[in-house]
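# Structure at a glance
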Amino acid sequence: MAAAVESPPPLSVLMVASEAQPYAKTGGLADVVGALAPTLARLGHQVTVVLPHYHEIGPQSGDTTTRTVRLGPRSFDARLTVVAAEPGLRWVLVGCDGLYDRDGLYGDHAGDFADNATRFGLLARVALDWAERSTGLPDVIHAHDWQAGLVPVWLHTASGSLAEVPSLFTIHNLAYQGLFPTESLDTLGLPRELFSIDGLEFWGQISFLKGGLVFADGITTVSRTYAREILGMEQGEGLDGLLRHREAVLSGIPNGIDVEIWDPARDRFLPRGYSADDLSGKRAAKAELLARYGLPTDPPALARPLIGMVSRMVDQKGLDLIRDAKPRLDALDATFTIVGSGADHYEEMWRARAAERPDRVGVVVGFDESLAHLVEAGADLFLMPSRYEPCGLNQMYSMRYGTVPVVRATGGLADTVTPYDAASGSGTGFVFDAYSADAMVDAIEAALDVFRQPERWRTIQRAGMRQDFSWDVSAAAYVQRYRDVIERRQAAGTAGGAPQGV
Ligand code: ADP
């Protein structure tokens, strides 16, 4: 009889993040935390996610306690609402008068909130306070992006058993760094010696993100290509030297997508469900999408290729290419439906185009979840000409919805979209390399050419729809990274040395 293979024990994981579905979202981070946490729970692990209780979340039912937590010279009364979501998963929503109960997560049209260092410094402190006094320390703490960057820092400066807890830090976007003036060291109660090149100092300021990168036991980012790209000057955002130094503990784990929320067969935002075998529901979605934007819905309009975008309107997403490509884009026989918000000048650019070509360009400026689903389903092509893209989710949603992505070969876009090959008819999308308006329009034109050959087009659609982007594989990779940092700590402990960031 074969000996039974012992499976490793389940882990207790504490996550700290600034946004997560279904509570608060401005971008992909929310999708990732909101899907990874329940997937881990379903794999048998115990997961707690600590998240700010923003105004937009509203009152939630759950056990509520108040804790007084010190942050530098000040004390804050944090109200913790614990929501038991499903077996193995609970959310700890952190409320605090005057800090999170306002409109917006990180800022408003005037810019970032001036007290973000306090808001997210407190989030990290409250998470560690929770870790210390809840039913046993977690096996590992997983901190996401700069907003949770002080978690590894304070684990490093902690005394007692908290200092033993290993941490994993995930970079969802290296460009957002949480930079604050040096005075914040005192406001946050951080030791002055941390203001050094081996610590939080970044060009005369303190960087929460750098804190996470220096002091976490392990670092991940959200695609393999981005993990490689950020080691270089071009995409390293000034942190490539540090990342090269920490390369041994850095790895890329591609994001999955929530295949329950993003399922064309059961999507509650669509007029009708559809699948690769029967795409008639996709045509219904196209008609509804055009109507929602007030665009023509006559037969020629329905037959015309529809190009969709759902995006933050910022430089990262390649909107300058769209600005520069105006003459060639105007010449295409295509319709555009756009939803997004961000920089005023890009919002204005799209509004102007819609005003100029009301029968061809539909624009909604704002954040609209239901419209995002409808664009993914109703468009024929989905455009993501990103300058850089850590992972990107929309291209995966697109493929799952039979909407063919046109993307730039960067980061996660390069990892997830297989370029169409005319000779074999294989591929899941259209990919261009150079960051230029012409390269982008060339790729769109190549896609439109195949769009006019329905058999070939359907092959691409079906190839995309058949892909498995579910979270299970990626969640298992995170579990492996958790075990790695735990083992690394144990090894360092038995060797008698305290783990060091740098
Ligand atoms: P990023 O995190 O850089 O914004 P991702 O592609 O990783 O880019 O994720 C963006 C997520 O946010 C997707 O789920 C996308 O559908 C959503 N999203 C972005 N802008 C909007 C918007 N204006 N309305 C609705 N959803 C949006």
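See the structure shown above.
Computed from a prediction, not measured in an experiment: that's the story for all the values here. (Residues numbered from 1 in each chain as written. Predicted model: local features only at pLDDT ≥ 70, side-chain atom pairs only at ≥ 80, totals over all residues. Heavy atoms only, no water.)

Before going further, it helps to examine the site of the ligand. Looking at the ligand, there are 19 residues lining it, with Lys-25, Gly-28, Arg-312, Lys-317 and Gly-366 nearest. The side chain of Lys-25 places a nitrogen or oxygen atom 2.8 Å from an oxygen atom of the ligand. About the coverage of the ligand: the protein hides 94% of its 560 Å² of free accessible area. Counting residues per element, the shell around the ligand draws most heavily on strand β15 (residues 306–313), at 3 residues. In the shell around the ligand, the residues fall into 6 nonpolar, 7 polar and 6 charged. (Near = heavy atom within 4 Å. Polar contact = N/O pair within 3.5 Å; in protein donor to acceptor, adjacent residues only side chain to side chain. Areas by Shrake-Rupley, 256 points an atom, 1.4 Å probe, with all protein chains shown as cover. Helix = DSSP H or I, 4+ residues; strand = E, 2+ residues; numbered from the N terminus. Nonpolar A, V, L, I, M, F, W, Y, C, P; charged D, E, K, R; others polar.)

The next thing to look at is the sheet that holds strand β12 (residues 205–207). Strand order in the open sheet formed by 3 strands is β10-β12-β11, with antiparallel pairing between adjacent strands. One side of each edge strand has no neighbouring strand; the edge strands of this open sheet are β10 (179–180) and β11 (201–202). Of the pairings in the sheet, the one linking β10 to β12 comprises 2 bridges and is antiparallel in character. Bridge pairing in β12 places Leu-179 opposite Ser-207. (Pairing = 2+ DSSP bridges.)

The next point concerns the side chain of Asp-129. Tracing the backbone through its elements, the reader meets Asp-129 in helix α2 (residues 116–133). A residue is classified by how much of its surface remains accessible, and Asp-129, at 15% relative accessible area, is buried. Within the structure, Asp-129 has its side chain in polar contact with the side chain of Arg-133 (distance 3.1 Å). In this structure Asp-129 touches Arg-67 and Val-69, once residues within four positions along its chain are discounted. (Buried < 20%, exposed > 50% of the residue type's maximum accessible area, 1.4 Å probe, protein only. Contact = heavy atoms within 4.5 Å.)

Burial of the side chains of strand β13 (residues 218–221) extends over both faces: Gly-218 and Thr-220 are buried on one face and Ile-219 and Thr-221 on the other. As judged from the 4 bridges shared by strand β9 (residues 167–171) and β13, these two strands associate in the parallel manner. When the sheet's bridge partners are listed, Ile-171 is paired in β13 with Thr-221. Sheet topology note: the β13/strand β14 (residues 250–252) ladder contains 3 bridges and is parallel. Bridge assignment links Thr-221 to a residue of β14, and that residue is Gly-252.

Once that is clear, we can look at the pattern of salt bridges. With the rule as written, the count across this model stands at 25 salt bridges. Measuring nitrogen to oxygen at the nearest pair gives 3.1 Å for the salt bridge that ties Arg-192 to Asp-186. The exposure class of Asp-186 is partly exposed, given its relative accessible area of 43%. A salt bridge links Asp-324 to Arg-323; the shortest N-O distance between them is 3.2 Å. Classification of Asp-324 as partly exposed rests on a relative accessible area of 46%. Taking relative accessible area as the criterion, Arg-323 reaches 42% and is therefore assigned partly exposed. Beyond isolated ion pairs, a larger network of salt bridges with shared partners links Arg-328, Asp-438, Asp-442 and Glu-445. (Salt bridge = Lys/Arg side-chain N within 4 Å of Asp/Glu carboxyl O.)

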